[in-house]
Amino acid sequence: MKQFESHHRYFIWVCIFLGVITTLFNYSFGDNDHIEQLPIIYRTLDPNYLTNDFFVNSTSGYSPRYYYAQFVAFFGSFLSIPVLFFIGTLLSNIAISILTFQNVMLLVKHYRTAMITVLAVMIFPTLHLGGDLVLYGSMFTPTTLVFPLILLAFYFFLKKQMWLCFIATGVASLFHILIGLEYGMLFLFTWILTDFLKQKSIGSIVKKLLYLLLILVFALPNLISYFQSKTTIDSTLF
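Residues numbered from 1 in each chain as written. Predicted model: local features only at pLDDT ≥ 70, side-chain atom pairs only at ≥ 80, totals over all residues. Heavy atoms only, no water.

Participant: Would you explain the overall build of the protein in this entry?
Facilitator: Helix and strand counts for the protein come out as 11 helices and 0 strands. When its helices and strands are written in sequence order, the protein yields α-α-α-α-α-α-α-α-α-α-α. Counting only C-alpha atoms, the protein reaches 65 × 50 × 35 Å along its principal axes. Counted over contacts in the protein with a minimum sequence separation of 6, partners at least 24 positions apart contribute 68%. As presented, the protein carries roughly 14,100 Å² of accessible surface, and 69% of it is formed by carbon and sulfur atoms. Both charge centroids of the protein, one from 13 positive and one from 10 negative side chains, sit 22 Å from each other. (Helix = DSSP H or I, 4+ residues; strand = E, 2+ residues; numbered from the N terminus. Contact = heavy atoms within 4.5 Å. Areas by Shrake-Rupley, 256 points an atom, 1.4 Å probe, with all protein chains shown as cover. Lys, Arg positive; Asp, Glu negative; His and termini not counted. Charge placed at Lys NZ, Arg CZ, Asp CG, Glu CD.)

Below, the structure written as structure tokens:
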């Protein structure tokens, strides 16, 4: 047992090392998605930031980045944004590396396979077919923030700790509503389908659908804010 724990601890340290190396080699700041997101964050930190800018003014209330901007601005009040973004990306990549290892170990219980998977995730790019080219973060964005939560939700899913699984996807939905809700629904209906194929019980499906309420509770902060701030313009003006 002690030898197993020693082996496991060794591989966790390797995962941390890979997360650090991946961040150092790929990190960037101030380009791509940051061109959109940084002005929103700086306005949240300073109400007088770019007061005549149309984009910043239109996103100063509720937007899909609202809770993300509030979260970053909270920590940005005592850390500079460049430092905060680097730390956030670093921690995200370390978490992605460790959780990938833990999930593969739950699936196949084989250290070599788990380590090869981590290396593939943290080093090799994939085909860019409508999604992300890589799974690790090269800059701090809402996706970088929530992807470790999705891997954590998958970990709980594999362990059949479904309350924790849906809480993790729910928290993710606060910062990235599409990713959080999509994965929450995916985990829910995968769980329902696999159990139904085993038990053939309609009652079991009904009980599991109650977890849908937990997913919707986490969606409410975004949905309520959206409908409260929703505005329309005349079609001719549009």
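Once you've had a look at it, read on.
Participant: In this structure, what is going on with the nonpolar core? I would like to understand it.
Facilitator: Side chains of a nonpolar character, in soluble globular proteins, are inclined to be buried together. Grouped together as the largest cluster of nonpolar side chains are 18 residues, with contacts concentrated most on Ile96, Phe101, Met115, Val118 and Met122. If you list the elements that add at least two residues to this core, you get α1 (2–26), α5 (81–108), α6 (111–123) and α7 (142–158). Among the elements that take part in this core, α6 stands out by supplying 6 residues, more than any other. (Core = buried A, V, L, I, M, F, W, Y, C linked by side-chain atoms within 4.5 Å. Buried < 20%, exposed > 50% of the residue type's maximum accessible area, 1.4 Å probe, protein only.)

Participant: Help me out: how do you make sense of helix α4 (residues 66–76) in this one?
Facilitator: Helical geometry note: an α-helix holds 3.6 residues per turn, so side chains three or four residues apart project in the same direction. For α4, the full list of buried residues reads Tyr68, Ala69, Val72, Ala73 and Gly76. For α4, the angular spread of the buried residues around the axis is 125°, confining them to a single face. Packing partners of the buried residues in α4 comprise α2 (34–45), α5, α7 and α8 (162–175). (Arc of directions from axis to C-beta.)

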